[in-house]
Amino acid sequence: MVPILEVQDLHVSYNSSGGAPYSALAGVSFQLMPKEILGVLGESGSGKSTLATSLLRLLPSNGNISSGTAFFEGKDLLQASVGELEQIRGKRISLVYQEPSVALHPTIRAGRQVLHVLAAHESERKSTLVRKRRQVLSSLFPEDVDRISNSYPHQLSGGQRQRVLIAQAIACGPSLLIADEPTSSLDPATQMEILDVFRTLRDELGLAMIFITHNPALLAGFADRVLVLYGGRIAELGPAGTILSLPRHPYAKALFQSMPAISGDKTNNGKKLPVITGDSSSAPLPRQGCVFEPRCPERMEDCRKREPAAVNLSESHTVFCFKYGG
Amino acid sequence: MATNMEPILRVEKLVKKYQRKNSAGSSEELVALGGVSFAVAQGTTLAVVGESGSGKSTLGFCISCLENPTTGSIWFEGRDIAVLTENERRHIRPQIQLIFQDPSNSLNPRWRVQEILLEPLILQGKLTREEMKPRAVALLAQVGLSSDMLQRSPAKLSGGQRQRLAIARALALEPKLLILDEALSALDCSIQAQIANLLMELQRKLGMTYLFITHDLAMAAHLADEIAVMYRGRIMEQGPTRKVLRCPTEEITKNLLAAMPSLDRAARPPLD
Amino acid sequence: MMRFFLRRLRHALFLLAGVSILAFLFTTLAPGNYFDEMRLNPQISPETLAALRAQYQLDKPLALRYASWMNSVLHGQMGFSFAYNGPVAPLLFVRARNTLLLTITATLIAWVIALPLGVWSAERYGRLPDRLLSWAAAGLLVIPDLALALGLLVLAVRTGWFPTGGMTSLDFESLSFGGKVRDLVWHMTLPVAALVFSALPLLLRHVRAAVAEVLDAPFVLAAKGHGIPRRTLLYRYALRAAANPLISLFGFSVGALLSGSLLVEVVMSWPGLGPLLLESILSRDLYIVIGGVLLSTLFLVGGNFLADILLYWADPRIRTETVAR
């Protein structure tokens, strides 16, 4: 099978006023197969949002892609012209943004905003576009299509707004969906609903997906593979089941351990949660060596000297840590 | 933790209604709280869980006197604060503090950390100028921030650090009751663990009472002694955490438990 | 929605009544009256003066004069002018029409230039083209209106391309319809230019600021991510979201339609409301002053009202406000 997206050695940095450029992503490489859901797990400062925006070249003016390639349908996205990109965005690759409450225009009706996306990419008559819009909205809102279509975003609930965003994303039939924290502001029940929507989209429309989140629990039973991102570098990449139940990289291990869980019969009431000391999003990353080393509970001598290379634990499972070689 | 016999907070039949104009132009009544009653013992944590729109945030606003309830009473240390005048309330306010979900909205971005911390101290007027700075440093230490943060602006802090700052500011007034309205929800998972530990430690040291409003059942299970499940403005189920979560009686509690994302969940069939 | 408008309308009427009383009070209480000039003239006897004063009711108590003035307003006359020896209303309306001709044209032109220019500037926010434009606008802002108007006049005198004043040429009446229009436009050019130059910088700044703020908003980025083309993005998305402060500004523009051009009219001898008011204030021609003030206030209030209506229509969030009970 040919991968639908192939990212090689992606390096992205941001210029800061009066200072060295800040490296957001360094040497990120991965492949995405058709109909596959890749979960990108990362916390603040890991570069996950940069990954989403850089693939479609939506970086702010101070961001630049210093090297790397991202091949999609035979074209390198990172070298494509603006005109080519406008043809791809929303039509072949769609981005579902976080914060549905602000990702929709506040004074344009929901249905209209979906129509705009259709009109931007398809040159058919308005009546055809209106029909297509109805189709898309009906698939996401089995009941109440007309009311939702005529409503303004502030009249809709968080979950409904998210569905409108998804409608905009799938209206033109893309083959790849990048969702950046699409459920972070929703309550758990709605989060589960939206995950189901995504799953249905994959099953029925054959969509491949990159699902970015900071909450590993969302990826359980949802993603096919998981990519753990820390400090702009890949920590671990492999099948979701394996990584979520038995993570190898010390960061992933520590992260999962620090989450409270109602599992089995024991509620961990009253005991301290094992935490990763320090804070990655505000402290600068180390210049040399493994980026996780300052906070790593299992650090060794080598970790400070150079960055770990990829170690293939199996054909589909890779980890970047000296503990396993590299 | 030593607890007094009388609960520090007792809410009785709290009702809060709003008038809203819908898009047709006519006004309709929104019942955010439809008669809520519960009690919290001193030094313990009560978690209030529910989905969006269940009224839990409104509850927090009413108890912290940011909103006036339509009817009902709120007994804090034996006094009904719902019927107090604004003047009388001013003495109660420092004792009930509210921590919000998004610290970047509740911290003035133009001030520095030092000014943010000093503001409540200045308003309270108990300390002299010389005593204030050491107190600010002590507050920072209490929440695990170093004193060289004093000159930084909140915009330069991470989410976790901002939340710690918000807690430090709340502690400046030596409150007895801390209302945490989704205070952890916007943070990364690993940072949530850090702040949760901090909260537990502060409770042990200072004997504070927490009202923990959240939709994260796992964190509620970890932090709370008692849990109250809200749905559409009413408390449907309430009791010790272990009991409510292990043997839920209400439909809504069961649904919340089922919808909770967790790591060890295998692929589930889609919800219908 | 009706209730909203009726409430606003009621406010507006109260405001107008209040302003009329204040204007009346201030002008009548100001020292001097129309006939002071005549008093200095020894040829006019005091009895004649007294008779004139009685005829114009200048010796009656204030409240009575206000009441009879109100009566006159309701009859469409708005009082009596001493200097022109006739009812105030027709005078005011003719002059107001001339003023509006200038100001409406200038306001339209200013907005039509400011909107796309502001959007263009906001798109390049902070970069060289934007900064150059901001400098130019700031420069224009700093130049006083008087200097601008005089400068344009000097241009007219030196080059002879434009008339140096007035609204029409001497042979206006004998021109064909097309000729009349051309003549009018020729005369209007300089005063309209002066007004546009003085209004443009402020409008530009506001449009630029409002749009720049919106361009960073998540929904614009999200729309970009959906491949919505740049043009639509700027005008249908960004400008629309930036509309609120601009609508309020537009309300002010409408409000200033009668009052903002006084200086330019006087300098360029345009027969509008401005010179009439100036002349009447100086000669204490009471009712013209009051009428003029009232008319200006009407526009101001009307402009605000228009802004309210437009805001209500443009922003659905204003229609559904939640009020605690």
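Note that this is a predicted model, so its numbers are computed, not measured.

Undergrad: Would you explain the overall build of chain A in this entry?
TA: Along the backbone of chain A there are 11 helices and 14 strands. Since a compact globule built from 326 residues should have a radius of gyration of about 20 Å, the 21 Å found for chain A is in line with a globular shape. Seen through its principal axes, chain A has C-alpha atoms that stretch 65 × 55 × 45 Å. Here chain A holds 326 residues, and 50% of them are scored as buried.

Undergrad: Honestly, the interface of chain B and chain A in this entry has me stumped. Any pointers?
TA: Interface size is often expressed as the accessible area that is lost when the parts come together. Tallying the contact residues gives 40 residues for chain B and 38 residues for chain A. Residue assignment for the side of chain B that touches chain A shows that the elements contributing at least two residues are helix H6 (159-171), helix H7 (189-206), helix H8 (217-223), helix H9 (241-246) and helix H10 (251-259) of chain B. Grouping the constituent residues of the side of chain B that touches chain A by class yields 20 nonpolar, 14 polar and 6 charged.

Undergrad: How should I be thinking about the sheet that holds strand S6 (residues 96-99) of chain B in this particular structure?
TA: Neighbouring strands of a sheet are bound in pairs by backbone hydrogen bonds; such pairs are parallel or else antiparallel. Residue and element names in this part refer to chain B. Strand order in the open sheet made by the 6 strands is S6-S7-S8-S3-S9-S10, with mixed pairing throughout. Edge positions in the sheet fall to S6 and strand S10 (234-240), since each of these pairs with one other strand and no more. Between one strand axis and the next, the sheet turns by 15° as a mean value, whatever way the strands run. Two strands pair when backbone bridges link them, and strand S9 (residues 226-231) and S10 are joined in this way by 6 bridges, in the antiparallel orientation. Bridged to Val 229 within S10 is Glu 237. Strand contacts of helix H1 (residues 56-63): strand S3 (45-49), S6, strand S7 (177-181), strand S8 (209-214) and S9, with the helix running at about 150° to S8, the strand carrying the most contacts. Where H10 meets the sheet, its contacts fall on S3, S9 and S10, and the angle it forms with S9 comes to roughly 100°.

Undergrad: Would you mind going over the environment of Gly 139 of chain C with me for this structure?
TA: Residue and element names in this part refer to chain C. Here Gly 139 shows up in helix H6 (residues 128-142). With 10 C-beta atoms packed within 10 Å, Gly 139 lands in the exposed category. Taking C-alpha positions, Gly 139 is 8.6 Å from Pro 201, a pair spaced 62 residues apart along the chain.

Undergrad: Teacher, can you tell me more about helix H8 (residues 188-205) of chain A here?
TA: Side chains three or four residues apart in an α-helix point the same way, a direct result of the helix having 3.6 residues per turn. In this model H8 of chain A runs 25 Å from its N-terminal to its C-terminal C-alpha over 18 residues, within 8% of the 26 Å that 1.5 Å per residue would give. Among all positions of H8 of chain A, only Pro 188, Thr 190, Gln 191, Met 192, Ile 194, Leu 195 and Phe 198 of chain A are buried. Of the surrounding elements, those touching the buried residues of H8 of chain A are helix H7 (158-170), strand S8 (208-213) and helix H9 (216-219) of chain A together with H10 of chain B. Within two residues after H8 of chain A, Gly 206 of chain A carries a phi angle of roughly 70°, on the positive side.

Undergrad: Got a minute to help me understand the environment of Arg 199 of chain A in this structure?
TA: All names here are of chain A. Residue position: Arg 199 is located in helix H8. You can call Arg 199 partly exposed: it has 17 C-beta atoms within 10 Å. The sequence separation of Arg 199 and Leu 246 amounts to 47 residues, and the corresponding C-alpha distance is 24 Å.

Undergrad: What exactly am I supposed to notice about the environment of His 226 of chain C here?
TA: Tracing the backbone shows His 226 of chain C in the loop between helix H9 (218-225) and helix H10 (230-241). Exposure remark for His 226 of chain C: the 27 C-beta atoms within 10 Å place this residue in the buried category. Between the alpha carbons of His 226 of chain C and Ala 67 of chain C there is a distance of 65 Å; along the sequence they are 159 residues apart. Excluding anything up to four places from it in sequence, His 226 of chain C contacts Arg 89, Gly 90, Ser 94, Val 117, Ala 120 and Gln 168 of chain A.

Undergrad: I would appreciate a short explanation of unusual backbone geometry in the present structure.
TA: A negative phi angle is the norm for most residues apart from glycine, just as the trans form is the norm for most peptide bonds. All names here are of chain A. If you check the backbone angles, Asp 144 has positive phi at about 75° while not being a glycine. As for its position among the elements, Asp 144 is in the loop between helix H5 (126-140) and helix H6 (145-150). Despite not being glycine, Glu 181 has its phi angle at roughly 45°, a positive value. For Glu 181, the location among the structural elements is in the loop between strand S7 (176-180) and H8.

Undergrad: I tried to follow the domain arrangement of chain A on my own but got confused; where do I start?
TA: All names here are of chain A. Segmenting chain A into domains produces domain 1 (1-91 + 176-260 + 273-289) and domain 2 (93-173). For domain 1 versus domain 2, the distance between C-alpha centres works out to 25 Å. Between domain 1 and domain 2, the residue contacts involve 23 residues of the former and 20 residues of the latter. If you list the elements that add at least two residues to the side of domain 1 that touches domain 2, you get S7 and H8.

Undergrad: Just to check I follow, could you spell out the sheet that holds strand S6 (residues 93-96) of chain A for this structure?
TA: Residue and element names in this part refer to chain A. What the 8 strands build is an open sheet, ordered S6-S7-S8-S3-S9-S10-S14-S13; its pairing is mixed. Of all the strands in the sheet, the pair left with one neighbour each is S6 and strand S13 (311-312). Two strands pair when backbone bridges link them, and strand S3 (residues 37-41) and S8 are joined in this way by 5 bridges, in the parallel orientation. By the bridge assignment, Ile 37 is partnered in S8 with Met 209.

Rules of the game
Residues numbered from 1 in each chain as written. Chains lettered and ligands numbered in written order. Predicted model: local features only at pLDDT ≥ 70, side-chain atom pairs only at ≥ 80, totals over all residues. Helix = DSSP H or I, 4+ residues; strand = E, 2+ residues; numbered from the N terminus. Rg over C-alpha atoms; globule rule 2.2 N^0.38 Å. Buried ≥ 20, exposed ≤ 12 C-beta atoms within 10 Å, placed from the backbone. Contact = placed C-beta atoms within 7 Å. Nonpolar A, V, L, I, M, F, W, Y, C, P; charged D, E, K, R; others polar. Pairing = 2+ DSSP bridges. Axes fitted to C-alpha atoms, helices over the stretch in contact; angles between N-to-C directions. Expected span 1.5 Å × (residues − 1). Domains from an automatic or database assignment.

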